[in-house]
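# Observations on the three-dimensional arrangement
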Amino acid sequence: MALSGAPGTVVALRALGLGDLLAGVPALRALRAGLPHHRIVLAAPRWQEPLLQPDRLVDEVTDCAGLRPLSYAPRPVEMAVNLHGRGPQSHRVLGALRSRRWVAFGCPETGTRGPAWRDGEHERERWCRLVREVLGLDADADAVDLTPPPRRPPVSDAVVVHPGAAHRSRQWRPERYAAVARALAADGFRVVVTGGSKERELAGRVAAGAGLAPTAVLAGRTTLTQLAALVAAARLVLSGDTGVAHLATAYRTPSVVLFGPTPPQLWGPPAGAPHTVMWRGWGRGDPWGDEIDPALARLGEAEVLSAVRRRLASAAEQGRR
């Protein structure tokens, strides 16, 4: 459903990481469909913009990381949409825009009226519920698909192993990634190891443990658009609960995602998609911890390898690759 009224500027705040951006895509898609004549400005790290351009989900990305004051403030702002958090800090960042209309969760500290925040709600559904309840828009939490950027991938048809994570608690043991990668290479698959510039040493250890050539290490050697193209063209992605896992979801690339400490009920891919979720926990751990979460540590290399092989076989049967 599209909203009536004169077109204006909508500023949506989601100044978070890659996985957070992609979890917010269904809500952004609902805003785009429901406000087709409005100018939608996303306040987020600008490096994320290339992922949204092919589908034109927003008209502009204004650079914003964390909850610093917005350096760009178009006037007037018709609507401010808080897709970042429950407040009060994020509410105050958007409040400085003095928009005519608010879309946000209720926050007594800032006097903001809105729907109640629900602990235990899936991240994609949370933001879709917000725009449904406040604006009456159609919002499908499973509408995660994105068009890959028009960029040739560094390699195609590879199994992408992504061992890193923002925090140690979400990082499966490197030697286990190496064991799985070694077995897949022995099966005849091309295996590459990805990561950011700070994860080159980790990726190198995994590749060396797997007996892969140094050229298989792509960590720190790809731009975001190259990484996105690589994931879109991959046979499968093996990773923890990271931004790369959400890229695989967005591009419908088969994946095996190792969860812990956050349960997949909060951040997992849509049901029925070509993804295997592995989780050996029973509650939430510390996603910012310095030690591997027990739920993640309980996952053994043999069961992960078996899950990867099954997912690859399933993809082959369906003719994806």
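Residues numbered from 1 in each chain as written. Predicted model: local features only at pLDDT ≥ 70, side-chain atom pairs only at ≥ 80, totals over all residues. Heavy atoms only, no water.

## Regarding the packing of helix α2 (residues 25-34) against helix α5 (residues 123-135)
Note the following rule: Fitted lines through C-alpha atoms serve as axes, helices being fitted only where they are in contact, and the angles separating the N-to-C directions of these axes extend from 0 to 180 degrees. Comment: elements are numbered from the N terminus, with helices defined as DSSP H or I runs of at least four residues and strands as E runs of at least two. By definition in this entry, angles of less than 35 degrees are roughly parallel, angles greater than 145 are roughly antiparallel, angles of 65 to 115 are roughly perpendicular, and the rest are oblique. In what follows, residue pairs with any heavy atoms lying within 4.5 Å of each other are defined as contacts. Following the grouping adopted for this structure description, the nonpolar residues are Ala, Val, Leu, Ile, Met, Phe, Trp, Tyr, Cys and Pro, the charged ones are Asp, Glu, Lys and Arg, and the polar ones are all others, Gly among them.
Contact geometry of α2 with α5 gives a least axis separation of 7 Å together with a crossing angle of 25°. Our classification of the angle between α2 and α5 gives roughly parallel. Only R124, W127, C128, V131 and L135 of α5 make contact with α2, whose side of the interface consists of P26, A27, A30 and L31. A breakdown of the residues in the contact of α2 with α5 according to their chemical character gives 8 nonpolar, no polar and 1 charged.

## Notes on the layout of surface pockets
Empty space among the atoms becomes visible once a probe the size of a water molecule is rolled across them. For clarity, the cut-off: Here the term cavity refers to a set of points on a 1 Å grid, laid over the protein atoms alone, in which a 1.4 Å probe fits but cannot get out; the term pocket refers to an open set having protein on both sides within 12 Å along at least five of seven lines, with lining residues being those that place an atom within 4 Å of a point. Grid points are joined across faces, edges and corners, and a volume is the space filled by probe spheres set on the points.
In this model, the largest pocket occupies a volume close to 1,600 Å³. Surrounding the largest pocket, 48 residues form its lining, G17, G19, D20, A166 and R170 being those nearest its centre. Put simply, the parts of the chain that give the lining of the largest pocket at least two residues each are α1 (18-23), α5, α7 (200-210), α8 (224-232), α9 (243-250) and α10 (264-267). Here the lining of the largest pocket is composed, by residue class, of 16 nonpolar, 20 polar and 12 charged.

## Description of the environment of A208
Structurally, A208 is set in helix α7. Note: C-alpha distance between A208 and R182 (26 residues apart in sequence) is 9.5 Å.

## Some points on the environment of V25
This is how it is decided: Only protein chains enter the accessibility calculation, which uses a 1.4 Å probe; a residue is then buried when its area is under 20% of its type maximum, exposed when over 50%, and partly exposed in between.
Within the fold, V25 resides in helix α2. Given a relative accessible area of 0%, V25 falls into the buried group. The sequence separation of V25 and L218 amounts to 193 residues, and the corresponding C-alpha distance is 27 Å. Setting aside its immediate chain neighbours within four residues, V25 contacts L52, L57, A143, V144 and L146.

## Quick word on the packing of aromatic side chains
We count it as follows: When the centres of two rings from Phe, Tyr and Trp lie within 6.5 Å, Trp using its six-membered ring, the rings pair. Their planes under 30 degrees apart give stacked, over 60 give edge-to-face, and anything left gives tilted. We count a charge as sitting over a ring when the NZ of a lysine or the CZ of an arginine lies within 6 Å of the ring centre and within 35 degrees of the ring normal.
One pass over the full model with this rule turns up 4 aromatic pairs. Centroid distance F105 to W117: 5.3 Å. Interplanar angle 75°. Geometry classified as edge-to-face. On the criterion of sequence distance, the pair formed by F105 in the loop between β5 (101-103) and α5 and W117 in the loop between β5 and α5 is long-range, its members being 12 residues apart. The exposure class of F105 is buried, given its relative accessible area of 0%. You can call W117 partly exposed: its relative accessible area is 24%. Here the aromatic rings of W117 and W127 are separated by 5.8 Å at their centres, their planes lie at 75°, and the arrangement is edge-to-face. In this pair, W117 is assigned in the loop between β5 and α5 and W127 in helix α5, connecting sequence segments 10 residues apart. Geometry around W117 places R126 over its ring, the cationic atom sitting 3.9 Å from the centre.

## Considering the side chain of T112
Along the chain, T112 turns up in the loop between β5 and α5. The buried category is assigned to T112, whose relative accessible area is 15%.

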